[in-house]
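Here are the chains, one letter per residue:
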Amino acid sequence: TADIALIDTTGAVTPLTRMAMFAADGILFCGEPGVYEAKTIARRLDELDELGLEAGHAIRPVGMLFVRTNARSRQLRAWATAFADPEQFPSGPLYVFQTHIRQQSSVRDHPGYGVPTVFADPGGRVAQDYAAAAKELEARLAQLAQDQAA
């Protein structure tokens, strides 16, 4: 058995996405910082309560991981603050990962290579960012488990 299963689905709610959310204990949101992305995340957060009732268990948001963005981006900082602020983001607050996944031209078109992003340039910044995100995700899941046990 697995302790953690990551299921990468589309951002749209399709039957596959709904089944994955229904089976989940937690959801990690990934996306670029922006207005439309924030609206989508807000809708998904509202849907989690409904899906949790149907599933018979709570489905909690694990957090938000920003991808394809620069650390010095004003937009990244602004949205990170908004997601963490319950007054600005009433569906939240949503934990925002300190790690973010930067853009890198060598992997921008990774689907064209037919390999996952981290294999397109395993020594690159994006692969390093994903490794750091995995460590932060592990720590976040441990914190959530500890909070749930308390």
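Refer to the structure above for everything that follows.
**A few points about the pattern of salt bridges**
- Summed over all chains, the structure comprises two salt bridges.
- Notably, a salt bridge pairs Arg-68 with Glu-32, separated by 2.9 Å at the nearest N-O pair. Residue Arg-68 is found in the loop between β2 (60-66) and α3 (74-84), and its partner Glu-32 is found in the loop between β1 (26-31) and α2 (35-55); the two are separated by 36 residues along the sequence.
- Judged by relative accessible area, Glu-32 falls into the partly exposed class, the value being 32%.
- Between Asp-129 and Arg-102 there is a salt bridge, with the nearest N and O atoms lying 2.8 Å from each other. Residue Asp-129 is located in helix α7 (residues 125-149), and its partner Arg-102 is located in the loop between α3 and α4 (105-108); the two are separated by 27 residues in the primary sequence.
- Arg-102 gets classed as partly exposed once you look at its relative accessible area, which sits at 27%.

**Quick notes on the packing of aromatic side chains**
- Counted under the stated rule, the structure contains three aromatic pairs.
- Ring centres of Phe-66 and Phe-83 lie 5.8 Å apart, and the angle between their planes is 40°; this geometry places the pair in the tilted category. Placement of the pair is Phe-66 in strand β2 and Phe-83 in helix α3, with a sequence separation of 17 residues. The same class applies to Phe-66 as to Phe-83, namely buried.

**Here's the deal with α7**
- End to end, α7 covers 36 Å across 25 residues, agreeing with the expected 36 Å (1.5 Å per residue, within 8%).
- The complete set of buried residues in α7 reads Val-126, Ala-127, Asp-129, Ala-133, Glu-136, Leu-137, Arg-140 and Leu-144.

**Topic: the layout of surface pockets**
- Of the pockets and cavities examined, the second largest pocket occupies roughly 150 Å³.
- With three residues, α3 is the single largest residue contributor to the lining of the second largest pocket.
- Tallied by class, the residues present in the lining of the second largest pocket amount to nine nonpolar, three polar and no charged.

**A word on the pairing of β2**
- Among the seven residues of β2, five are classified as buried, and the element is accordingly described as predominantly covered.
- The sheet contact formed by β1 and β2 spans six bridges and is parallel. By the bridge assignment for β2, Gly-31 is matched with Phe-66.
- Handedness of the β-α-β unit built from β1, α2 and β2 comes out right-handed.

**Some remarks on the nonpolar core**
- In terms of nonpolar packing, the biggest core is built from 18 residues, with Phe-29 and Phe-83 touching the most fellow members.
- For this core, the secondary-structure elements that each account for two or more residues are β1, α2, β2 and α3.
- Among the elements that line this core, the one with the most residues is α2, at five residues.
- When residues no more than four places from it in sequence are discounted, the contact partners of Phe-29 are Ile-41, Arg-44, Leu-45, Leu-48, Pro-61, Gly-63, Met-64, Leu-65 and Leu-94.
- Of all hydrophobic cores here, the second largest spans nine residues; its members include Val-62, Leu-65, Val-126 and Leu-137.

Thresholds applied
- Residues numbered from 1 in each chain as written.
- Predicted model: local features only at pLDDT ≥ 70, side-chain atom pairs only at ≥ 80, totals over all residues.
- Heavy atoms only, no water.
- Salt bridge = Lys/Arg side-chain N within 4 Å of Asp/Glu carboxyl O.
- Helix = DSSP H or I, 4+ residues; strand = E, 2+ residues; numbered from the N terminus.
- Buried < 20%, exposed > 50% of the residue type's maximum accessible area, 1.4 Å probe, protein only.
- Phe/Tyr/Trp six-rings, centres within 6.5 Å; stacked < 30°, edge-to-face > 60°.
- Expected span 1.5 Å × (residues − 1).
- 1 Å grid on protein atoms, 1.4 Å probe; cavity = no way out; pocket = protein on both sides within 12 Å on 5 of 7 lines; lining within 4 Å.
- Points joined across faces, edges and corners; volume = space filled by probe spheres on them.
- Nonpolar A, V, L, I, M, F, W, Y, C, P; charged D, E, K, R; others polar.
- Pairing = 2+ DSSP bridges.
- Right-handed = clockwise from strand over helix to strand, strands pointing away.
- Core = buried A, V, L, I, M, F, W, Y, C linked by side-chain atoms within 4.5 Å.
- Contact = heavy atoms within 4.5 Å.

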